[in-house]
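Chains, contacts and geometry: an overview
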Amino acid sequence: MSKIYILAEDVRNKIAAGEVIERPASVVKELVENAIDAGSTAITVIVENGGKDLIQVIDNGRGMDPDDAMLALESHATSKIRNVDDIIHIDTMGFRGEALPSIASVAHFTLITRSKEQDIATRIEINDGRLRDVQKTSSNPGTTIWVRGLFKSLPARRKFLRSDTVELRHILKYFHYQAIIYPNITFKLIADSRERLNYVATDDRNKRMSDIFGAGFFQDDIIGIKAERGAYALEGYIFGLEERRDKLIDAQYVFINGRFIQDKTAKHSIKSAYEPFILKTRIWQKGQTPPYILFLTVPPTQIDFNVSPTKNEVRFRENNLVHSFIFETLSKALRDYEDRKFESARQKFSSPFMGQSESASSFERDTFLAKTRVPQYAEYKKEYENLFQDDLFRRVPEPEKPQDIPIVNLVVREAQEQNEIFADMPNDSVPYKLLLQNEEDYVNPWQLHNTYIFVQIEDGLVIIDQHAAHERIVYERLIHRTAGAPATRQKLILPLVIDIPPYIASDIRELVDTNLELFHKIGFVLKKFSGDSIVIEEIPAELGDFQGGKIFVEILKQLEEELEINTDFRDSLAKSIACKTSIKANTPLSRKEMLSLINTLFACQVPYFCPHGRPLIVKMTLTDFEKKFKRLV
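Since we're looking at a predicted model, the values are computed, not measured.

1. Quick look at the overall build of the protein chain
Scanning the protein chain from N- to C-terminus turns up 19 helices and 22 strands. With 633 residues in all, the protein chain has 46% of them scored as buried. Surface exposure of the protein chain reaches about 34400 Å², of which carbon and sulfur atoms provide 51%.

Structure, rendered in structure tokens:
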């Protein structure tokens with residue numbers, strides 16, 4: 001009996017769907033990209049329950065005649081390529097011809113389309129890959145597609161979908177990518193009968209950027225980018241190195257030939273360009289790369305989009321050329337930026353009215369000091385050597401010959417034993433009790449690099465990660481409050497209004513609106529949104545340094561990340577607040593603060609791990625030390 005089978009067409013389509021359709025956002029991506037290729041100037045997407053129950057895409061593009069509409073639902077059918085040579089000249093969004101039949105094989109699929117040359121539209125209905133109905137109908141020119149009950153016929157696939165909120169968030173992110181790339185197209189998104197986004201078409205990319213990232217986008221420390229090298233082109237925006245008023249915009253986007261791509265070559269070149277400037281001033285967020293939004297154009301013959309079925313990876317035929325082009329363009333822009341900052345600082349420092357004029361920023365000051373040459377003492381000495389002799393009245397003794405001090409035990413000769421001497425410290429998190437009542441009971445607590453607290457105990461040494469320890473303390477307090485414990489609040493002198501950029505406001509508004517009571521229990525007193533603004537009247541006592549509301553926005557952004565892996569909103573909110581409000585590494589603590597942190601930590605229910613499960617204590621016993629120093633064998 002034969003062991004080799006030819007799979008049925010239905011099975012083949014479902015396998016293809018597994019490669020192309022990962023979640024509702026994948027469906028939106030395929031259908032919107034088809035609409036863009038069809039020359040649409042307005043695209044509307046309607047979703048219900050995060051796209052699980054309904055995805056509807058409406059466009060005013062060219063549409064299809066009846067024959068093309070039927071062919072479009074066949075596997076490997078496409079209008080984008082004709083022969084093998086066309087594969088290396090791809091300049092459209094879709095070209096595989098797998099999207100429509102793949103989607104139709106895992107959902108209830110309905111298509112209505114009409115070309116401008118036709119008076120009658122075509123309506124096709126497919127249920128889980130089986131053609132149900134074809135008929136003529138009336139419609140405006142363009143195409144409308146309904147996708148209902150995604151993966152309902154495949155329960156094993158559907159159960160891997162995340163919550164409605166998380167799936168909608170993926171759709172929102174993709175929608176913003178397309179709105180950024182194509183400002184000349186109107187994009188509208190309606191979710192659960194509410195209009196979430198509406199970007200009106202414009203010929204001005206700067207206006208579209210302001211629509212998405214807020215009116216203050218171009219008031220920030222923005223550097224415009226525009227360069228060409230042969231058929232290659234790069235334009236967009238990168239952020240400078242000034243300390244920003246807020247951290248709302250953290251986008252790091254690279255668009256290649258009209259697609260959002262996470263490409264390692266582009267990322268590495270951008271990071272490499274920034275690195276010398278970041279290391280020089282050490283002012284930007286501990287060496288992290290600032291935000292950037294770049295549009296790279298590569299000749300179609302020099303790029304391969306056919307790397308993965310989802311078309312989210314590319315392969316450059318001239319990888320080194322792409323890397324050097326991006327690196328050199330950004331390096332030159334950053335050098336010009338640094339020169340402008342230096343000149344600005346020079347004028348401010350040299351102005352006789354400096355006290356009355358605008359003061360130099362921290363970055364300008366650092367740049368000015370770094371680029372202003374200060375003569376060294378040796379140069380002064382050489383210039384005035386006839387007037388100044390430092391050894392005139394002092395006899396300098398001959399230096400003693402330094403003696404060599406052995407750094408290893410000379411008795412131990414074997415390489416293996418030498419390695420044992422310098423082996424890594426043990427990392428033991430075995431539970432033990434360290435809750436002491438009197439300060440005198442603690443022997444010399446001290447900090448290592450203002451990050452780790454060392455405490456001597458009866459049988460050895462305890463090392464505590466101060467940030468992780470404080471994170472655990474704050475997390476447990478907040479969890480107790482959500483269960484009914486009273487919250488300790490501090491009232492702001494004046495209510496704080498935070499304007500949130502549209503590209504994150506639509507998501508944040510939903511989080512806050514549906515969880516106002518939980519925010520209140522934890523200690524926030526918030527008012528409903530007015531447009532894209534939120535009013536904060538009271539905050540939890542733990543938020544000592546509120547930074548004008550920056551911390552609240554960071555909490556919300558951290559909350560989005562937490563919810564990606566944890567659907568328990570209460571737990572995610574507590575973790576987010578604890579993460580953003582706890583004592584940071586490199587923070588010096590007094591003896592009293594260290595003792596308070598230690599005692600409060602060991603009053604917690606789980607004092608050995610941070611809220612994310614990372615160990616926060618390392619214990620070393622005297623026996624461990626004695627083994628290291630070969631007192632014990």
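2. What to know about the packing of helix α6 (residues 164-181) against helix α7 (residues 205-213)
Here α6 crosses α7 at 160°, and the two axes come no closer than 9 Å. Classified by the angle between their axes, α6 and α7 sit roughly antiparallel to one another. Judged by residue contacts, H176, A179, I180 and I181 of α6 engage R205, R208, M209, I212 and F213 from α7. Looking at the contact of α6 with α7, its residues break down into six nonpolar, one polar and two charged.

3. Digging into helix α18 (residues 591-601)
Listed in full, the buried residues belonging to α18 are M594, L595, L597, I598 and L601. Viewed along the axis of α18, the buried residues span an arc of 160°, placing them on a single side of the element.

4. Considerations on the pairing of strand β7 (residues 186-191)
Only one face of β7 is buried, namely the one carrying F187, L189 and A191, since none of T186, K188 and I190 on the opposite face is buried. In the sheet, strand β1 (residues 42-48) pairs with β7 via six bridges, with the strands oriented parallel. For T44, the partnering residue across the bridge sits in β7 and is K188. In terms of strand pairing, β7 meets strand β8 (residues 194-199) through five bridges, oriented antiparallel. Bridging across to β8, F187 finds its partner in Y199. Connecting the antiparallel pair β7 and β8 is a turn made up of two residues, with D192 showing a positive phi of about 50°.

5. What about the sheet that holds strand β10 (residues 232-239)?
The five strands are arranged β9-β10-β13-β11-β12 in an open sheet whose pairing can be described as mixed. Unpaired on one side and paired on the other, β9 (222-229) and β12 (259-260) mark the two borders of the sheet. Relative to strand β13 (residues 292-297), β10 runs antiparallel, the two sharing six bridges. Opposite I238, over in β13, you have Y292 as the bridge partner. The sheet contacts of α6 involve β11 (252-256), β12 and β13, and relative to β11 the element is tilted by about 60°.

6. With respect to unusual backbone geometry
Backbone geometry places N586, a non-glycine residue, at a positive phi of 65°. The topology assignment puts N586 in the loop between α17 (569-581) and α18. Judged by its relative accessible area of 52%, N586 falls in the exposed class. Positive phi values are uncommon outside glycine, yet K630 reaches one of about 60°. Structurally, K630 can be placed in the segment after α19 (622-628).

7. Details of the packing of aromatic side chains
In total, this model carries 19 aromatic pairs according to the counting rule given. For the ring pair Y253 and F255, a centre distance of 6.0 Å and an interplane angle of 70° mean the geometry is edge-to-face. Its relative accessible area of 11% is what places Y253 among the buried residues. Following the ring pairs from residue to residue traces out a cluster consisting of Y177, Y253, F255, F260 and F295.

8. Points about the sheet that holds strand β4 (residues 121-127)
Judged by pairing direction, the sheet is mixed, and its eight strands sit side by side in the order β5-β4-β3-β6-β2-β1-β7-β8 without closing on themselves. Where the open sheet ends on each side, the last strands, each with one partner, are β5 (130-137) and β8. Neighbour-to-neighbour, the strand axes of this sheet turn through a mean angle of 10°, independent of strand direction. Alignment of strand β3 (residues 108-114) against strand β6 (residues 142-148), held across seven bridges, turns out to be antiparallel. Pairing of H108 across the sheet is with R148, part of β6. Most of the contacts of helix α2 (residues 24-37) go to strand β2 (residues 54-59), to which it runs at about 10°, and overall it touches β1, β2, β6 and β7.

9. Considering a nonpolar patch on the surface
On the surface, M70, L131 and V134 cluster together into a nonpolar patch covering about 240 Å² of accessible area. Looking at where L131 falls in the secondary structure, it is placed in strand β5. In this structure L131 comes out as partly exposed when scored by relative accessible area, which is 48%.

10. Side note on the nonpolar core
Ranked by size, the top nonpolar core spans 60 residues in total, and within it F109, V147, F213 and I293 carry the most contacts. Take this core: its biggest share by element is nine residues, from α6. Leave out the neighbours within four places in its chain, and I293 touches I180, M209, F213, F217, E235, G236, Y237, Y253 and F255.

11. Digging into the side chain of S582
Among the structural elements, S582 can be located in the loop between α17 and α18. The exposure class assigned to S582 is buried, which follows from its relative accessible area of 4%. A polar side-chain atom of S582 sits 2.4 Å from the main-chain carbonyl oxygen of A578. Apart from the residues lying within four places of it in its own chain, the contact partners of S582 are H467, H470, E471 and V474.

12. Overview of the confidence of the model for the protein chain
Chain-level statistics for the protein chain give a pLDDT mean of 79 and a share of 73% at 70 or above. Below pLDDT 50 for its whole length, residues 387-394 participates in three contacts with residues either more than four positions away or in separate chains.

13. Considerations on the pattern of salt bridges
Where charged atoms of side chains with opposite charge meet at close range, the side chains can pair. On inspection of all chains with the given rule, the structure shows 18 salt bridges. A salt bridge links R477 to E542, with the nearest nitrogen and oxygen atoms 3.7 Å apart. One end of the pair, R477, is in helix α13 (residues 466-482); the other, E542, is in the loop between β21 (533-540) and α16 (550-565), and 65 residues separate them in sequence. Residue classification places R477 among the partly exposed positions, given a relative accessible area of 37%. Here D571 ties to K575 by a salt bridge, and the two come within 3.1 Å at their closest N and O atoms. Of this pair, D571 and K575 both sit in helix α17, four residues apart, which is roughly one turn of the helix. Accessibility classification places D571 together with K575 in one group, the buried group. Within this structure, R123, E125 and D133 form a network of salt bridges that share partners.

Rules of the game
Numbering of residues starts from 1 in each chain and follows the order in which that chain's sequence is written. Given that the model is predicted, a residue must reach a pLDDT of at least 70 before its local features are reported, and side-chain atom pairs must reach 80 or more before they are shown or counted; all residues, however, enter totals for whole chains, interfaces and linings. Neither water nor hydrogens contribute to the side-chain values; these are computed over all heavy atoms in the structure. Secondary structure elements follow DSSP: runs of H or I of four or more residues count as helices, runs of E of two or more count as strands, with numbering from the N terminus. Buried, partly exposed and exposed residues are distinguished by accessible area as a fraction of the type maximum, computed with a 1.4 Å probe on protein chains only: under 20%, between the cut-offs, and over 50%, respectively. Computed with a 1.4 Å probe, the accessible areas rest on the Shrake-Rupley method; for each residue, only the protein chains presented here act as cover. Structural elements are reduced to axes, namely lines fitted to C-alpha atoms, with helices fitted over the stretch in contact, and the angle between N-to-C directions of any two is expressed from 0 to 180 degrees. The cut-offs work like this: below 35 degrees is roughly parallel, past 145 is roughly antiparallel, 65 to 115 is roughly perpendicular, and the gaps in between are oblique. A contact between two residues is defined here by any heavy atoms of the two lying within 4.5 Å. Side-chain classes follow a simple rule in which Ala, Val, Leu, Ile, Met, Phe, Trp, Tyr, Cys and Pro form the nonpolar group, Asp, Glu, Lys and Arg form the charged group, and the remainder, Gly included, forms the polar group. Taken from the helix axis, the directions to the C-beta atoms give the arc we talk about. Paired strands are those between which DSSP finds at least two bridges. In this analysis, rings of Phe, Tyr and Trp, with Trp reduced to its six-membered ring, are considered paired at centre separations within 6.5 Å, and the interplanar angle assigns stacked below 30 degrees, edge-to-face beyond 60, and tilted for intermediate values. Exposure above 30% relative accessible area and no salt bridge define the residues that can form patches, which grow by joining like charges within 9 Å and nonpolar side chains of Val, Leu, Ile, Met, Phe, Trp and Tyr within 5 Å. By convention in these notes, a salt bridge is any Lys or Arg side-chain nitrogen within 4 Å of a carboxyl oxygen on Asp or Glu. What is meant by a nonpolar core is a set of buried Ala, Val, Leu, Ile, Met, Phe, Trp, Tyr and Cys residues, joined one to another through side-chain atoms within 4.5 Å. Here a polar contact is taken to be a pair of N or O atoms separated by no more than 3.5 Å, where protein atoms must pair a possible hydrogen donor with a possible acceptor and residues adjacent in sequence count only if both atoms sit in side chains. Per-residue confidence from the prediction method is given by pLDDT, with values spanning 0 to 100.

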